[in-house]
Amino acid sequence: MANFLQRMFRGGKSNAVKSPFSVTKRKAKAGAFAAQATAARRRANGNRIHSLRALPSDANILRAINGKVIRMYNAALTTNLNSDFPISQTSSNAEILTSTIGIRSRARQLEQNNGYGRGIIWDWMRNIGGHDPFRLEMQVGKTDSTGKFVAEQETSRTIMEAWEEYGKPENCCAKGTISRRQMYWTAIASMGRCGGGIFRHRGILNGGAFPHNKIGYAIEPLEIDRLDQNWQRPKSSTTNEIQFGIEMDEFKRPLYYHILTRHPGDIFAFSNVPKYRERVPAADVIALFDIQTRPEQYIGVSRMASIIQLLHRLEQFDIAHVTAALTTCCKAIWIEKQFPSSPEFVPDHIRQEISGGGGGGLDGMDGADAGWGGGDGQRMVNTTPGEVNELEWGQKVVMPDPHFPVEAAPAFKRDLLRAVAAGTTVWYNTLAQDMETVNFASGRLGEGAARDMAMMSQEHVIDMLVRPHFEVWLQYWMMSSECSLPFSRYKEFCKVAVFNGRRWAYTNPLQDVQADILTVEAGMDSRSHIISESPRGGNAEEV
């Protein structure tokens, strides 16, 4: 009996008894077709799961299968609660190309009009650059036969004095109005706000003589917008690949920078002059881009990208908060004129006033627009605090209630500013100028994290801008009549040049100095290292 039932429900045949559940041929064909379609769909979905290549159109199928067949991370699930959180697989450069103009524009607007945005830029300039950004310290010398290093202090002093002299505005930059210190401060601000900046060498070795100083060399700072980022070209058999206006070889090394002859946003008289794209060799350009977080990224992105919307939201909240406060303060006194509900008992002088002096109004409907809530009778009044106003006949004031003060406002602003501080690596208490909740321990911890990020940025700027600038300047200076040192020592001088980033004063001077003395006595640190890391800098011999 069991075998019979199994054969019957499986569609099997029995010589003894026919199945009582037989169906028509049409239904049997439809069922077979549906089974084949289901099997084909399962095979297709299975192929998508096991395939090494999945298309974006397969995402919905894979997500549908996810709940039944395979496991995946919850972070990748799309539900009704996160449907506004898109998923994409675009490259870093594709995302930058579609976003960078908007990010730069909004970051500049926040710097111009938002106090917190301006404070972030100044904080970067103050902590990454400091009052004397990237101070040069030359350590020229030779090792004698006993293995002792003999310093050439006079040679070191000569190079450092020349570097200082050619850092003045009239010698450093091509237009003669920017000192080297200011250029480095501007570079730091541009790197954080816009993602980078362009610096072009001007001299006989870099496309043309520079006649305005004795060594024939200056550097020209340019806005990052001068790099023609919309100039894209794929590689071919006869041309190199170009992305973001950077022409690269097969290893993605820059060969040329395609720089616009004027800023694309100029609005002055010469904006009518044709704008050309100039192909400048990479050796003539220093491209300073911010620290890259994706390996195939070509240009930098503003450090403010993740907090622009937060600062704008905070600005909108401040406007709404102030508006609510003003509305709350302007609570005027309104006197409402009431008259009998029946027009037959309205006195003549009131009837005349309602009709606007035209004799109509209640009886003849002519003056309906003059009173009774229509036409001239509906008006707006500017009020001041404590003002007494009298309403027209038939009018009534509905006063909005802005609910001020808002009890959650301080906590809301603190949360937003903490998020902004986290996104910009600026210490929250400095950004918000909020010292109410800070103490010695929390202040030291907060400053330590911000200073660590500042030192990372210092090393990045030294590697990408300061050292390349120094090496080109040193080459021009040693070839000029201003220098008596042999050019054969050029590479040696480049190697021993040390650039010191800003360091900060001790938080607790007595205990910190005592700790330094103990580490030196224990052989765990050296005097030279401690002095070089101090705010005054220098070396042990000079101190």
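Residues numbered from 1 in each chain as written. Predicted model: local features only at pLDDT ≥ 70, side-chain atom pairs only at ≥ 80, totals over all residues. Heavy atoms only, no water.

Student: Would you explain a nonpolar patch on the surface in this entry?
Tutor: A cluster of nonpolar side chains, Ile 204, Leu 205, Met 479 and Phe 487, forms an exposed patch at the surface whose accessible area comes to about 390 Å². Mapped onto the elements of the fold, Met 479 is located in helix α13 (residues 440-479). (Patch = residues over 30% accessible without salt bridge, like charges linked within 9 Å, V, L, I, M, F, W, Y side chains within 5 Å. Areas by Shrake-Rupley, 256 points an atom, 1.4 Å probe, with all protein chains shown as cover. Salt bridge = Lys/Arg side-chain N within 4 Å of Asp/Glu carboxyl O. Helix = DSSP H or I, 4+ residues; strand = E, 2+ residues; numbered from the N terminus.)

Student: Just to check I follow, could you spell out the packing of aromatic side chains for this structure?
Tutor: When we look at a pair of aromatic rings, we describe it by the centre distance and by the angle of the planes. Taken as a whole and assessed by the stated rule, the structure comprises 11 aromatic pairs. Judged by centre distance (5.1 Å) and plane angle (70 degrees), the ring pair of Trp 163 and Trp 473 falls under edge-to-face. On the criterion of sequence distance, the pair formed by Trp 163 in helix α6 (residues 153-165) and Trp 473 in helix α13 is long-range, its members being 310 residues apart. Here Trp 163 and Trp 473 have matching classes, each one buried. When the centroid spacing of 6.4 Å and the interplanar angle of 50 degrees are considered together, the rings of Tyr 166 and Trp 473 count as tilted. Taken together, the residues Tyr 166 in the loop between α6 and α7 (169-172) and Trp 473 in helix α13 connect sequence positions 307 residues apart. Of the two residues examined, Tyr 166 and Trp 473, each falls in the buried class. Pairwise contacts between aromatic rings join Trp 163, Tyr 166, Phe 470, Trp 473, Trp 477 and Phe 499 into one cluster. Between Arg 303 and the ring centre of Trp 124, over which it is positioned, the NZ or CZ distance is 6.0 Å. (Phe/Tyr/Trp six-rings, centres within 6.5 Å; stacked < 30°, edge-to-face > 60°. Buried < 20%, exposed > 50% of the residue type's maximum accessible area, 1.4 Å probe, protein only. Lys NZ or Arg CZ within 6 Å of the ring centre and 35° of its normal.)

Student: Looking at this structure, how should I read empty space enclosed by the protein?
Tutor: Rolled over the atoms, a probe sized like a water molecule indicates the empty space that remains. For the coordinates displayed, the defined rule picks out two cavities of 30 Å³ or more. As for the largest cavity, its lining consists of Asp 123, Trp 124, Asn 127, Ile 128, Arg 303, Thr 425, Ala 450, Met 453, Ala 454 and Ser 457. Elements supplying a minimum of two residues to the lining of the largest cavity: α5 (115-129) and α13. Its residues assigned to classes, the lining of the largest cavity shows five nonpolar, three polar and two charged. Roughly 50 Å³ of internal volume is contained in the second largest cavity. Taken together, Trp 163, Tyr 166, Asn 171, Cys 172, Arg 180, Ile 215, Tyr 217, Ala 218, His 469 and Trp 473 make up the lining of the second largest cavity. When contributions to the lining of the second largest cavity are tallied by element, the ones reaching two or more residues are α7, β5 (217-222) and α13. When its residues are assigned to classes, the lining of the second largest cavity shows seven nonpolar, two polar and one charged. (1 Å grid on protein atoms, 1.4 Å probe; cavity = no way out; pocket = protein on both sides within 12 Å on 5 of 7 lines; lining within 4 Å. Points joined across faces, edges and corners; volume = space filled by probe spheres on them. Nonpolar A, V, L, I, M, F, W, Y, C, P; charged D, E, K, R; others polar.)

Student: Explanation requested: the sheet that holds strand β6 (residues 241-243) in the structure shown.
Tutor: In sheet architecture, strand pairing relies on hydrogen bonds along the backbone and comes in two forms, parallel and antiparallel. With respect to topology, four strands assemble into an open sheet ordered β6-β7-β8-β9, the strand pairing being antiparallel. A strand with exactly one partner marks an edge of an open sheet, and here the two such strands are β6 and β9 (277-281). Neighbouring strand axes in the sheet, compared pairwise and without regard to direction, differ in orientation by 25 degrees on average. (Pairing = 2+ DSSP bridges. Axes fitted to C-alpha atoms, helices over the stretch in contact; angles between N-to-C directions.)

Student: It is not clear to me how the nonpolar core should be interpreted in this structure. Could you clarify?
Tutor: Taken as a class, soluble globular proteins show a tendency for nonpolar side chains to be buried jointly. Formed by 65 residues in total, the largest nonpolar core has its most connected members in Phe 470, Trp 473, Leu 474 and Trp 477. Top contributing element to this core by residue count: α13, with 12 residues. By size, the runner-up hydrophobic cluster in this structure holds 18 residues, among which are Ile 198, Phe 244, Tyr 257 and Tyr 298. (Core = buried A, V, L, I, M, F, W, Y, C linked by side-chain atoms within 4.5 Å.)

Student: What is the right way to look at the packing of helix α4 (residues 92-113) against α5 in this model?
Tutor: Two measures define how a pair of helices packs: the angle their axes make with one another and the distance between the axes. Where α4 contacts α5, the axes come no closer than 5 Å and their chain directions differ by 100 degrees. Taken as axis vectors, α4 and α5 run roughly perpendicular relative to one another. From α4, Leu 110, Glu 111 and Asn 113 reach across to α5, where they touch Gly 115, Gly 117, Arg 118 and Ile 121. (Parallel < 35°, antiparallel > 145°, perpendicular 65-115°, else oblique. Contact = heavy atoms within 4.5 Å.)

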